[in-house]
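Residue-level structure breakdown
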Amino acid sequence: MGRRVGAVVLAVLLAAGMGVLPARGQGPAQAVIAIWGLPIRILGSSEAVTGYVSLLLNDSLTAVDPQGNVVGRLAAQYPVSPDGKTYLVTLREAKFSDGTPVTAQDVKASYELYLHPKYPTTPPALLEIAGGPEYKAGKGSSVTGITVVNPRTIRFILNRPYPFFYEQIGTAPILPAKALAGIDVARLQEAPFTRKPIGAGPYRLTDWRERESITFDASPGYWGGAPALPRVVLKLIPEDATVLAELRAGNIDAGRILPEAYRSFQRDAQVNVLRVPGDTFYWFAPNFRLPMFQDVRVRQAMAYAINRQEMLRALYLGLGTVPQSPIHPSLWQFDKSIKGYTYDPAKAKQLLAEAGWTLGPDGILQKGGQRFKFKYGFLAGKEYQNQALLVQQYLRAIGMDVDVEAHERGDFFGRYFSPTGNIEVVGIAWFNLLFPPQTELEDNFKSTGSGARVIGYSNPELDKLLDEAILTRDRARQKALYSQIQHLIIQDVPHVLTIRPDVIWGVRKRFALPSGIDSLRGFFGSVPRWAVR
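What you see is a predicted model, and the numbers here were worked out from it, not measured in a lab. (Residues numbered from 1 in each chain as written. Predicted model: local features only at pLDDT ≥ 70, side-chain atom pairs only at ≥ 80, totals over all residues. Heavy atoms only, no water.)

The strand order across the open sheet formed by four strands is β4-β5-β7-β6, and the pairing between neighbours is antiparallel. Unpaired on one side and paired on the other, β4 (75-77) and β6 (146-150) mark the two borders of the sheet. Along the sheet, successive strands turn relative to each other by an average axial angle of 40°, direction set aside. Inspection of the sheet shows β6 paired to strand β7 (residues 153-157) by four bridges, in the antiparallel sense. In the sheet register, Val148 faces β7, and the bridge partner there is Ile154. (Pairing = 2+ DSSP bridges. Helix = DSSP H or I, 4+ residues; strand = E, 2+ residues; numbered from the N terminus. Axes fitted to C-alpha atoms, helices over the stretch in contact; angles between N-to-C directions.)

Below, the structure is given as structure tokens:
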């Protein structure tokens with residue numbers, strides 16, 4: 001395994017697929033884009049693919065532009081009271097994909113759904129609304145801080161000034177109240193709405209073929225104007241070689257290009273190649289409920305044991321970077337001065353010895369009669385498997401007995417990756433830029449975050465810094481706090497960050513893409529503006 005490991009498909013190929021494709025020139029213009037997996041569920045999911053699908057289907061009250069400024073989406077006006085606790089939103093005239101108008105009652109119903117005690121992924125900002133924490137805890141019959149003023153105006157009253165409320169709610173889709181009525185949140189995946197969703201975004205879902213494709217057609221009356229591309233198909237092609245062959249043959253219009261095929265596709269007369277810094281970084285994390293991982297020296301040793309540069313070269317021919325922070329490097333919150341862990345197996349062994357672990361006669365670490373043995377679980381797929389095998393090799397070299405174990409997508413997100421899942425060490429990827437960085441950090445590293453709860457991670461000092469960062473409008477002070485947060489995350493090692501591969505896509509030249517695409521999220525977000533030449 002120290003030799004070259006087979007290349008992997010970056011878990012991100014999206015935007016248009018179908019069951020049976022009409023021949024070119026028949027039916028509406030469409031783009032067929034290869035995707036690594038279809039959503040397990042449309043609601044209550046932290047899967048990246050669900051986030052990219054949501055860009056096509058849904059819209060929110062607000063969003064954040066590349067400079068970090070709030071912009072209105074479904075919200076036409078959104079003033080804040082001088083005390084920073086009352087937020088008044090006037091909706092623009094917009095329609096859902098079924099033709100019904102977006103109203104304040106829809107906003108209220110959507111936010112109350114996300115605050116339901118059984119809803120799995122509640123945006124942290126909604127818990128700032130008066131009555132939100134009580135409702136989430138099952139102690140209230142309604143969220144008292146949400147008031148429908150009239151059909152197009154809604155008021156939010158917060159428990160405290162929360163300067164970044166509008167930034168933080170930008171990823172919460174507004175859904176039709178009528179469609180949400182009667183949903184059993186405890187059995188969310190069984191709700192008809194999750195298979196036939198209705199949103200206020202540029203497209204409507206018109207066909208969903210299990211383990212095959214999802215088709216989207218332009219939504220009539222979309223407030224942002226008719227998409228330039230009438231139809232988008234997300235076609236499930238999990239095999240690396242098949243994506244490349246289908247792209248060369250013209251059977252799909254866009255797909256992830258493997259690093260070893262990068263140069264040849266640059267010479268392909270029918271395909272434009274887009275290479276941008278990766279939104280995705282890979283990591284693995286221990287279960288903090290297990291005593292062997294509770295000593296920070298053990299976690300630091302695991303970080304020193306990983307040869308990230310070798311991993312990047314072996315898996316991606318060096319096309320990418322080694323992440324120094326969980327924050328995307330393009331964002332102002334990123335601290336460029338941070339230096340993460342270098343490859344230093346001698347330092348790793350020293351830290352383990354300091355923590356009381358010594359090599360046994362079989363070459364495996366032991367302490368108090370316990371061998372250092374665990375299972376490394378990962379999402380089934382070649383990219384995750386290849387990394388798991390390398391991590392296994394690196395950790396075995398410092399005396400850890402590691403078994404690797406793949407979990408199919410449905411099992412991974414439905415059962416395994418949860419606070420009650422049988423996790424010992426888990427390997428996965430995080431997709432930056434789908435959520436504001438504060439939300440990403442709270443989800444993964446705050447004790448109340450859904451990701452932190454999966455691995456049982458809690459650090460009161462980190463909780464305090466995250467609270468301070470979101471409660472100040474002073475950009476310089478906030479930047480200093482984010483720097484402290486990143487340094488503490490690197491020091492405490494709740495996650496071992498590994499690699500951030502570049503995103504390399506091929507798109508058939510019959511499509512003209514808008515300029516300025518500089519990320520994977522930007523790629524998916526640009527789909528409605530693709531023009532057929």
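Let us keep going from here.
Turning our eyes to something else, we now look at the sheet that holds strand β19 (residues 401-407). Taken in spatial order, the five strands of this open sheet run β19-β18-β20-β13-β21, and their pairing is mixed. Only two strands of the sheet have a single neighbouring strand rather than two, namely β19 and β21 (496-497). Pairing analysis gives three bridges linking strand β18 (residues 373-379) to strand β20 (residues 425-431), with the strands arranged parallel. When the sheet's bridge partners are listed, Tyr376 is paired in β20 with Val425.

A few words now on the layout of surface pockets. Counted as a void, the second largest pocket has a volume near 670 Å³. What lines the second largest pocket is a set of 27 residues, among which Trp36, Gly37, Arg211, Leu236 and Arg409 lie closest to the centre. Going through the elements one at a time, α11 (382-396) and α12 (409-416) are the ones with two or more residues in the lining of the second largest pocket. For the lining of the second largest pocket, the leading source of residues is α11, giving three residues. Residue composition of the lining of the second largest pocket, by class: twelve nonpolar, five polar and ten charged. (1 Å grid on protein atoms, 1.4 Å probe; cavity = no way out; pocket = protein on both sides within 12 Å on 5 of 7 lines; lining within 4 Å. Points joined across faces, edges and corners; volume = space filled by probe spheres on them. Nonpolar A, V, L, I, M, F, W, Y, C, P; charged D, E, K, R; others polar.)

Of note, His328 is situated in the loop between β14 (320-321) and α10 (345-354). Within the structure, the side chain of His328 is placed 3.2 Å from the backbone oxygen of Gly278, a separation counted as a polar contact. A polar atom in the side chain of His328 sits 2.8 Å from the side chain of Ser330. Apart from the residues lying within four places of it in its own chain, the contact partners of His328 are Gly278, Asp279, Phe334, Asn432, Leu433 and Arg500. (Polar contact = N/O pair within 3.5 Å; in protein donor to acceptor, adjacent residues only side chain to side chain. Contact = heavy atoms within 4.5 Å.)

Let's shift gears to the pattern of salt bridges. Under the definition given, this model contains 24 salt bridges. For Arg473, the salt bridge is made with Glu167, and the minimal N-O distance between the two is 3.4 Å. Separated by 306 residues along the polypeptide, Arg473 in the loop between α15 (460-470) and α16 (475-492) and Glu167 in helix α4 (residues 165-168) bring together distant segments of the chain. With a shortest N-O distance of 2.8 Å, Asp295 and Arg297 are connected by a salt bridge. Under the relative-accessibility criterion, Arg297 is labelled partly exposed at 29%. Here the salt bridges do not stand alone but share partners, grouping Asp362, Arg371, Lys373, Asp401 and Asp403 into one network. (Salt bridge = Lys/Arg side-chain N within 4 Å of Asp/Glu carboxyl O. Buried < 20%, exposed > 50% of the residue type's maximum accessible area, 1.4 Å probe, protein only.)

In this section: helix α1 (residues 48-57). By the criterion of burial, α1 is predominantly enclosed, with seven of the ten residues buried. Burial in α1 covers these residues: Ala48, Val49, Thr50, Tyr52, Val53, Leu56 and Leu57. On its buried side, α1 packs onto β1 (30-35), β8 (203-209), β9 (213-218), β10 (231-236), β20 and α17 (520-525).

On to helix α6 (residues 240-249). Residues of α6 that are buried include every one of Asp240, Val243, Leu244, Glu246 and Leu247, and no others. Summarising the axial view, the buried residues of α6 lie within an arc of 165°, below the 170-degree limit, and thus occupy one face. Opposite the buried face of α6, at more than 90 degrees from it, the exposed residues are Ala241 and Ala249. Where α6 terminates, the next one or two residues include Gly250, which has phi positive at roughly 80°. (Arc of directions from axis to C-beta.)

To continue, consider the pairing of β7. Summarising the sheet, strand β5 (residues 86-91) and β7 pair through five bridges and their orientation is antiparallel. Each residue of the ladder has a partner; that of Val89, found in β7, is Ile154. The hairpin turn running from β6 into β7, its antiparallel successor, is two residues long.

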